[in-house]
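Coordinates in review
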Amino acid sequence: MIETFLNPEIIAAAWPIVLAGLLNTILLSLIVVPLGLFGGLVLALLASVRHPLVRWPLMAWVDFFRAFPPLVLLVLLFAGLPFAGLELGGFACVAIAFFLNTGAYYGEIFRAGIESVPAGQVEAARSTGLGRLQAMGHVVLPQAVRNVMPDLLSNTLEVVKLTSLGSVVAVPELLYQARQAQSLTYNPTPIVVAAIIYFLLLWPLVRLLSRLENRALAGRH
Amino acid sequence: MSAWDRFVETFFNAKVMLKYLPDILSGVVVTVELALLIIVSGLLAGLALALLRSLAIKPLNWLIIFVVDLFRSLPPLVIIVLIYFGGPAADVSPSGFVSTWLSLALVLMAFSEEIFWAGITSVHKGQWEASRSTGLSFGQTLLAVVLPQALRLTIPPLTNRTIAITKGTALGTVVAVSEILGEASSAMSNSYNPSPLMMGAAAYLVLFLPVVVAARWVETRFAWKR
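Cut-offs used in this document
Residues numbered from 1 in each chain as written. Chains lettered and ligands numbered in written order. Predicted model: local features only at pLDDT ≥ 70, side-chain atom pairs only at ≥ 80, totals over all residues. Helix = DSSP H or I, 4+ residues; strand = E, 2+ residues; numbered from the N terminus. Rg over C-alpha atoms; globule rule 2.2 N^0.38 Å. Buried ≥ 20, exposed ≤ 12 C-beta atoms within 10 Å, placed from the backbone. Contact = placed C-beta atoms within 7 Å. Nonpolar A, V, L, I, M, F, W, Y, C, P; charged D, E, K, R; others polar. Core = buried A, V, L, I, M, F, W, Y, C linked by C-beta atoms within 7 Å. Expected span 1.5 Å × (residues − 1). Axes fitted to C-alpha atoms, helices over the stretch in contact; angles between N-to-C directions. Parallel < 35°, antiparallel > 145°, perpendicular 65-115°, else oblique. Left-handed = near helix turned anticlockwise from the far one by under 90°.

Time to look at the overall build of chain B. Regarding its fold elements, chain B presents nine helices and zero strands. Helices and strands appear in chain B in the N-to-C order α-α-α-α-α-α-α-α-α. For 226 residues, the compact-globule estimate of 2.2 N^0.38 gives 17 Å, and chain B exceeds it by more than 25% at 22 Å. Here chain B holds 226 residues, and the buried ones make up 42% of them.

A word on the overall build of chain A. Assigned secondary structure in chain A consists of ten helices and zero strands. Secondary structure elements of chain A occur, N-terminal to C-terminal, as α-α-α-α-α-α-α-α-α-α. C-alpha atoms of chain A, sized along the principal axes, occupy 70 × 50 × 25 Å. When burial is assessed residue by residue, chain A has 39% of its 221 residues classed as buried. Sequence-distant contacts, at least 24 apart, represent 75% of the contacts inside chain A between residues at least 6 apart.

Before going further, it helps to examine the interface of chain B and chain A. Counting residues at the interface gives 39 residues for chain B and 38 residues for chain A. Contributions of two or more residues to the side of chain B that touches chain A are made by helix H1 (3-11), helix H3 (58-73), helix H4 (76-86), helix H5 (96-122), helix H8 (180-191) and helix H9 (195-221) of chain B. Looking at the side of chain B that touches chain A, the element that brings in the most residues is H9 of chain B, giving nine residues. Looking at the side of chain B that touches chain A residue by residue, the class counts come to 27 nonpolar, eight polar and four charged.

A separate point is the nonpolar core. Grouped together as the largest cluster of nonpolar side chains are 112 residues, with contacts concentrated most on Val72, Leu74 and Ala194 of chain A together with Val78 of chain B. Looking at which element gives the most residues to this core, the answer is H5 of chain B, with 14 residues. Those residues in contact with Leu74 of chain A, other than ones at most four positions away along the chain, are Cys93, Val94, Ala97, Leu165, Val168 and Val169 of chain A.

Helix length check: helix H8 (residues 149-162) of chain A, at 14 residues, gives a terminal C-alpha distance of 20 Å against a target of 20 Å (1.5 Å per residue), a fit within 8%. For H8 of chain A, the complete set of buried residues consists of Asp151, Ser154, Asn155, Val159, Val160, Lys161 and Leu162 of chain A.

Between its first and last C-alpha atoms H5 of chain B spans 39 Å; for 27 residues at 1.5 Å apiece the expected length is 39 Å, and the two agree. Taken across its 27 residues, H5 of chain B has 21 buried, putting it largely inside the fold.

Further remarks concern unusual backbone geometry. Residues and elements named next belong to chain B. The phi dihedral of Asp91 is positive, around 65°, even though this residue is not glycine. Not every positive phi belongs to a glycine, and Ala176 is a case in point at roughly 65°. Tracing the backbone shows Ala176 in the loop between helix H7 (138-166) and H8. Residue classification places Ala176 among the partly exposed residues on the basis of 14 C-beta atoms within 10 Å.

The next point concerns the environment of Leu200 of chain A. Residue and element names in this part refer to chain A. Residue placement: Leu200 occurs in helix H10 (residues 189-218). Of the residues examined, Leu200 has 10 C-beta atoms within 10 Å and is grouped as exposed. Sequence separation between Leu200 and Val18 is 182 residues; the distance between their C-alpha atoms is 14 Å.

In this section: the environment of Ile165 of chain B. With respect to the helices and strands, Ile165 of chain B occurs in helix H7. C-alpha separation for the pair Ile165 of chain B and Thr134 of chain B, spaced 31 residues apart in sequence, amounts to 41 Å.

Now for the packing of H3 of chain B against H5 of chain B. Residue and element names in this part refer to chain B. At a minimum axis separation of 8 Å, H3 and H5 run at an interaxial angle of 120°. Relative to H5, H3 is oriented oblique. Seen along the crossing, H3 lies across H5 with a hand that is left-handed. Across the interface between the two elements, Val67, Val68, Phe71 and Arg72 of H3 pack against Leu106, Val107, Met109, Ala110, Phe111, Glu113 and Glu114 of H5. In terms of residue class, the contact of H3 with H5 is made up of eight nonpolar, no polar and three charged.

Assignment of secondary structure puts Phe99 of chain A in helix H5 (residues 90-116). Note: C-alpha distance between Phe99 of chain A and Val171 of chain A (72 residues apart in sequence) is 16 Å.

To continue, consider the packing of H4 of chain B against H5 of chain B. Residues and elements named next belong to chain B. It is at 9 Å that the axes of H4 and H5 come closest, and there the two elements cross at 135°. Relative to H5, the element H4 lies oblique. For the pair H4 and H5, the sense of crossing is right-handed. From H4, Pro76, Ile79, Ile80, Ile83 and Tyr84 reach across to H5, where they touch Gly96, Ser99, Thr100, Leu102, Ser103, Leu104, Leu106 and Val107. Of the residues in the contact of H4 with H5, the class split is nine nonpolar, four polar and no charged.

What follows is the structure in structure tokens.
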């Protein structure tokens with residue numbers, strides 16, 4: 001069993017390939033998480049404009065991306081756009097797809113956070129002479145972010161896991177590299193190693209989330 | 001031919017769409033089957049684990065927490081690839097369909113166990129004590145008193161999580177499951193035309209948009225009252 005799934009010789013041979021993948025996964029996450037956060041923040045700030053002409057298209061936008069599987073979006077960009085004469089690399093496609101997909105999810109979270117801040121806070125901030133944007137930036141957002149911190153972390157966990165989709169469009173991240181190593185060695189060990197790396201990388205975040213969720217629930221009594 | 005005509009001709013080609021419509025529809029059937037299997041088995045397994053956890057047997061609970069953490073931290077695509085490509089090395093050769101079903105059901109099990117468990121622990125201790133003192137057994141208390149209250153709380157987070165995980169059926173295309181995306185991709189490479197892909201995208205929206213809109217309603221209907 002060990003011989004097949006955790007073969008030391010194969011681990012030694014595949015290690016440089018898998019390690020390069022890990023570095024790319026970290027790099028990719030460092031790009032797509034801020035990108036998604038930024039997209040989400042823009043959506044949430046737009047949603048705080050309570051005009052129906054802004055609110056309804058925004059809701060449709062968010063629901064669209066909640067209904068649309070990220071992999072389908074990615075394939076659409078990667079394999080569909082070239083027919084329109086627009087050939088983007090796998091990396092650019094991942095960045096755009098994530099910006100659209102995870103932006104919608106982050107947007108919903110930020111929106112819930114902003115709505116959780118009592119209106120009195122804005123009124124008080126405005127009456128001290130702060131402008132609308134100042135009140136949002138200095139008073140509402142810091143509280144909003146704190147209120148939805150567990151959801152933001154939970155979504156970030158999902159985004160990091162989602163970077164594994166990059167393997168479908170030949171972005172050399174952890175899963176892609178592991179599969180390359182697997183097809184070179186005819187042995188599933190590299191994929192097992194990649195799984196272990198994902199687990200070690202993300203387990204602390206999962207533990208933290210579990211604690212935060214339990215604490216949030218205990219506070220509900 | 002104007003640019004617009006060329007665009008329509010390329011992305012919404014009626015002839016290509018008509019030809020590959022049956023393929024896309026058979027993909028829809030596979031996606032729906034896969035989704036239903038994942039939802040039923042994943043949620044049942046999650047509920048079973050949460051009930052086991054309420055027995056408060058220490059070593060068993062550590063095991064449950066570990067399994068839940070494991071499937072929350074691994075990307076679903078990694079689990080699918082692991083089962084599909086790793087299975088044959090252990091002399092089991094699960095099909096792409098089975099690999100995808102098993103992987104996503106395990107992921108849904110992990111997430112739903114957390115949510116069910118959170119629901120169970122959110123029911124006040126006094127409820128347990130009161131129903132036990134009226135003579136109900138542990139099992140009766142759990143089923144008749146605690147679960148009905150707990151489940152109500154779990155509905156909004158559970159719906160969201162279930163939708164997100166069920167959308168993962170598209171990952172099956174990586175291990176040759178002929179669901180919507182798989183059918184659409186192969187139709188696209190056969191016809192050298194992206195119209196089937198547009199049809200596939202539309203099929204996902206037809207399937208999932210009503211669910212997402214319904215989830216929005218459920219979210220407000222069963223929202224946690226603060």
